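Residue-level listing of the chains:
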Number of protein chains: 2
Amino acid sequence: MQKYYELSRKEWFSQPRIVAGVMTGTSLDGIDTAIARFYNRDNRHSLEVLGTCFEPYSSILRDKISAIIEKKRPISDTAELQMELAFAYSTAIQNMTAKANIPLELIDAVGIHGQTVWHSPPKKNKTGVTLQLANGSALSQMLGITVVSDFRTADVAAGGQGAPLVPIFDAEFFRSSNLSVGLLNIGGISNITFLPPHSSDDPIKAFDTGPGNMLIDAASLQFFGKKFDENGALAKEGTLIPGLLQRCLEHPFILKQPPKSTGREDFGRKFLEQMLGSIRLPATPGEDIIRTMTEFTAESIARNIMRFGSEIQIIIASGGGVNNQTLMQCLALRLGNISLTTSEKYSGISSDFKEAVCFAYLAYRTIGGLPGNIPSVTGASKSCILGSISFPLPFIH
Amino acid sequence: MQKYYELSRKEWFSQPRIVAGVMTGTSLDGIDTAIARFYNRDNRHSLEVLGTCFEPYSSILRDKISAIIEKKRPISDTAELQMELAFAYSTAIQNMTAKANIPLELIDAVGIHGQTVWHSPPKKNKTGVTLQLANGSALSQMLGITVVSDFRTADVAAGGQGAPLVPIFDAEFFRSSNLSVGLLNIGGISNITFLPPHSSDDPIKAFDTGPGNMLIDAASLQFFGKKFDENGALAKEGTLIPGLLQRCLEHPFILKQPPKSTGREDFGRKFLEQMLGSIRLPATPGEDIIRTMTEFTAESIARNIMRFGSEIQIIIASGGGVNNQTLMQCLALRLGNISLTTSEKYSGISSDFKEAVCFAYLAYRTIGGLPGNIPSVTGASKSCILGSISFPLPFIH
């Protein structure tokens, strides 16, 4: 039986679509927005990025998110936050499209990741649970644009980790005809996608490798009151503390068999406190701690590549961590013959906004009725259409 | 510019659709499900109810919901609850459709209200906030059926109360050509819709009147350990305490100008405690308290009808409160010349399941791109397509 939505799918893909994407990562720094035009030709997609923008969270909003994640807050706080986030996203999108000179009326859809406030992937005998806040229905009303939200839950409901979701974007836009490509995103958490060349039958693999900027940020805040280590300058001044690095590397997640995903639960402030408490550190300079967290982050990424993707020939990095030169140098040193470049240099898609573009693309797929997860990557039992669609104003007034 | 979804809308309404609805009210008793076939003819809709079922919440699940509503719980509890509710709804729908002998493959969509855990309508200088838990995307994956969820947020985002949403259902299926009809739903909270005859230009009005079964249930639990006053038997044995009734009637919500909506925040266990604490009640039988709460509930409904809908000729009641004979008698006495009947007697749509059928209908409208709110009723600044749509398996496998 042909379902009514198969007809709308054909229509959706019959012409280029302009879709905005909104990413807010675990680092709680702010809102990345991007807008792109997507083209469909014989079921192969291409894209053109039309604009990007970063809008920092206000300190009030950041504190509210932190309070909900870390403390016992009444449900009213959660209810308010999902609406406040919709407002913040609405403003961010309007600022971005104004900057890019694109009228809102021309935008076909918006895909929002939402702010992850809880992520607990499935375990033995326990179903997974994930929660990204920001109300898609409210945002749709605020903007007058169709919104797709809540991308991770469908995969989790199908037994998957709900992450990573970038691989289908990577496979569509970064896969090479002859090279084995590794796509590394260094956000709060780091994740990697292994793309065998088009000629290969190997499956696409992708997973979180462990911390991204999260521990470096936490240490920068604790020792210098800075939100992050700009350009890796603090780490550059520090000296590695081998015992502390060793202790960190004992975390079982690092060499856990993929598929796997992680979050602030594993590598948040608590982890840093535990690590610092676990060894004697008399009068250690803060730079040394930051250096060690930087080396740990690089080492955890490199170990995952060496263990699970030894065939990789090139690593294309993206995410905020790319701006941390010390981290990138530490990583390059550990990768040996594998060359390390950035998304920006390789494809012109800005490192900082790749995930925002990805969520625009996932929305483009969802509205067209295409799956967004890769079961070999997330561990889900099936391909799923990801997210929920909220329509704006009624079609006939 | 014609949008792609206008085409799918035409297709959606081109044939009868089978849609299930799920309602879980503030009384936390369990899950009402209903399934109906909807027909469209010249943009007028008709329906045929195919089955209904009630599935009580397990005491574990009920306790989890209460804990989240009443106490400070970490966000993980909220994240888990939204998934657990999706499971519970999935089971309830499967049981209902098995009983009605309808294969899941024949169901076009499911509309779920979700469990309200917070509802705070807009106030002066303060945006409204509402949160109904139960993840639509997860439920869609579990059932393999398109799901519409989160119906109230769009209206709240448009400045409305987010409630009541039943009036568009009432207007479509209960409006009379020559009578002024009042539709009363007695759930945890009571709400009423005033439907002028088709010939009239008067706007449709609807609003919450105050408590429904909520206070009666709370008193039954406190004094007799019973979840509710079955058939109103306890109230029947009791005697009205005039001072207590008087005190209750002072609540400013009762005669507040519509549009207005309320919830457990106003008339929950706390209100009962406050009322009981406010007057001297030496050795008062529990039956008297329940009697007084029953009279207060009837009186608050009647005062709203007399004050704001004096043209009404017939009241059609639905919701669990219809089974409370004492409440219905108290109400009939107070309504004078206005006749009181039930949804079941008037239309064949079971009182207990009218709201579940309503959410099936709202989903039918949302997928077809029709608005579901009535701005004159909710106070919203515009008509909105309500909810978010989650699609099941990809269209092409």
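Procedures and definitions
Residues numbered from 1 in each chain as written. Chains lettered and ligands numbered in written order. Predicted model: local features only at pLDDT ≥ 70, side-chain atom pairs only at ≥ 80, totals over all residues. Heavy atoms only, no water. Least-squares fit on C-alpha atoms with pLDDT ≥ 70 in both. Contact = heavy atoms within 4.5 Å. Buried area = accessible area lost by both parts, 1.4 Å probe. Salt bridge = Lys/Arg side-chain N within 4 Å of Asp/Glu carboxyl O. Polar contact = N/O pair within 3.5 Å; in protein donor to acceptor, adjacent residues only side chain to side chain. Helix = DSSP H or I, 4+ residues; strand = E, 2+ residues; numbered from the N terminus. Nonpolar A, V, L, I, M, F, W, Y, C, P; charged D, E, K, R; others polar. Phe/Tyr/Trp six-rings, centres within 6.5 Å; stacked < 30°, edge-to-face > 60°. Buried < 20%, exposed > 50% of the residue type's maximum accessible area, 1.4 Å probe, protein only. Lys NZ or Arg CZ within 6 Å of the ring centre and 35° of its normal. Pairing = 2+ DSSP bridges. Axes fitted to C-alpha atoms, helices over the stretch in contact; angles between N-to-C directions. pLDDT = per-residue confidence, 0-100.

Asks: An account of the relation of the copies chain B and chain A is needed here, citing residue identities and associated values.
Replies: For the match of chain B to chain A, the screw axis carries a shift of 0.1 Å, the RMSD comes to 0.1 Å, and the turn is 180°. The two molecules are tied by a two-fold rotation axis, judged by turn and shift. A share of 100% of interface residues in chain B that are also interface residues in chain A marks the association as one of identical surfaces.

Asks: Break down the interface of chain B and chain A for me, with residues and values.
Replies: Taken together, the contact between chain B and chain A spans 63 residues of the former and 63 residues of the latter. Taken together, both faces of the contact between chain B and chain A bury some 5600 Å²; the carbon and sulfur share is 66%. Counting the contacts that link chain B with chain A gives two salt bridges. Applying the counting rule to chain B against chain A returns 13 residue pairs in polar contact (both at pLDDT 80 or more). Among the secondary structure elements, those contributing two or more residues to the side of chain B that touches chain A are α1 (4-12), α2 (59-70), α3 (75-99), β5 (115-120), β6 (129-133), α4 (136-143), α5 (153-157) and β13 (388-390) of chain B. A breakdown of the residues in the side of chain B that touches chain A according to their chemical character gives 31 nonpolar, 18 polar and 14 charged.

Asks: So, the packing of aromatic side chains: which residues are in play, and what are the values?
Replies: Residue and element names in this part refer to chain A. Taken as a whole and assessed by the stated rule, the structure comprises 34 aromatic pairs over all chains. Where F169 meets F173, the ring centres are 4.9 Å apart and the plane angle is 55°; that geometry is what we call tilted. Within this pair, F169 and its partner F173 are both found in helix α6 (residues 167-173), separated by four residues, close to a single helical turn. Of the two residues, F169 and F173, both sit in the buried class. Each ring, one from F174 and one from Y346, has its centre 6.3 Å from the other, and the planes form 20°; the classification is stacked. Of this pair, F174 sits in the loop between α6 and β8 (181-186) while Y346 sits in helix α14 (residues 343-347); the two residues are 172 residues apart in sequence, bridging distant segments of the chain. Chaining the aromatic ring pairs together yields one cluster made of W12, F13, F38, F169, F173, F174, Y346, Y361 and Y364. The side chain of K260 reaches across the aromatic face of F253, ending 4.8 Å from its centre.

Asks: Give me the lowdown on the sheet that holds strand β11 (residues 314-318) of chain B, citing residues and values where you can.
Replies: Adjacent strands of a sheet form backbone hydrogen bonds with each other and so pair up, either parallel or antiparallel. All names here are of chain B. Across the sheet, which stays open at both edges, the five strands sit in the order β10-β9-β8-β11-β12 with mixed pairing between neighbours. Unpaired on one side and paired on the other, β10 (205-211) and β12 (339-342) mark the two borders of the sheet. Strand-to-strand twist in this sheet, taken as the mean axis angle between neighbours without regard to direction, amounts to 25°. Pairing of strand β8 (residues 181-186) with β11, which is carried by five bridges, proceeds in the parallel orientation. What sits directly across from N185, in β11, is S318. Where helix α13 (residues 325-335) meets the sheet, its contacts fall on β8, β11 and β12, and the angle it forms with β12 comes to roughly 150°.

Asks: Tell me what's going on with the pairing of strand β5 (residues 115-120) of chain A, and back it up with residues and numbers.
Replies: Residue and element names in this part refer to chain A. Of all six residues making up β5, five are buried, and the element is well covered by its neighbours. Both β5 and strand β6 (residues 129-133) contribute to a ladder of five bridges, which runs antiparallel. Bridging across to β6, Q115 finds its partner in L133.

Asks: Please give an account of the confidence of the model for chain A that cites residues and values.
Replies: For chain A, mean pLDDT is 92; residues scoring 70 or higher make up 97% of the total. Within chain A, no element has a lower average pLDDT than helix α1 (residues 4-12) of chain A, which sits at 74, and none a higher one than strand β4 (residues 109-112) of chain A, at 98.

Asks: Describe helix α13 (residues 325-335) of chain A, listing the residues and the values that go with them.
Replies: Residues and elements named next belong to chain A. Among all positions in α13, only T326, L327, M328, C330, L331 and L335 are buried. At its buried positions, α13 is contacted by β8, α7 (214-224), α8 (233-237), α12 (286-308), β11 (314-318) and β12 (339-342). Between the side-chain oxygen at the start of α13 and the backbone nitrogen of T326 there is a gap of 3.2 Å, and the oxygen is on N324. G336 sits one or two residues past α13 and shows a positive phi near 60°.

Asks: Give me the pattern of salt bridges: which residues, what numbers.
Replies: All names here are of chain A. Taken as a whole and assessed by the stated rule, the structure comprises 26 salt bridges over all chains. The partner of E84 in a salt bridge is K64, with the nearest N and O atoms 2.8 Å apart. Of this pair, E84 sits in helix α3 (residues 75-99) while K64 sits in helix α2 (residues 59-70), and the two are 20 residues apart along the sequence. For R291, the salt bridge is made with E295, and the minimal N-O distance between the two is 3.0 Å. Remark: E295 and R291 occur in helix α12; sequence separation between them is four residues, near one turn of the helix. Each member of the pair, R291 together with E295, is buried. Taken together, the salt bridges that share partners define one network made up of R291, E295, E299, R303 and R334.

Asks: Account for the environment of S46 of chain A, naming residues and giving values.
Replies: Looking at the element boundaries, S46 of chain A is found in strand β3 (residues 44-56). Along the primary structure S46 of chain A and F151 of chain A are separated by 105 residues, whereas in three dimensions their C-alpha atoms are 21 Å apart.

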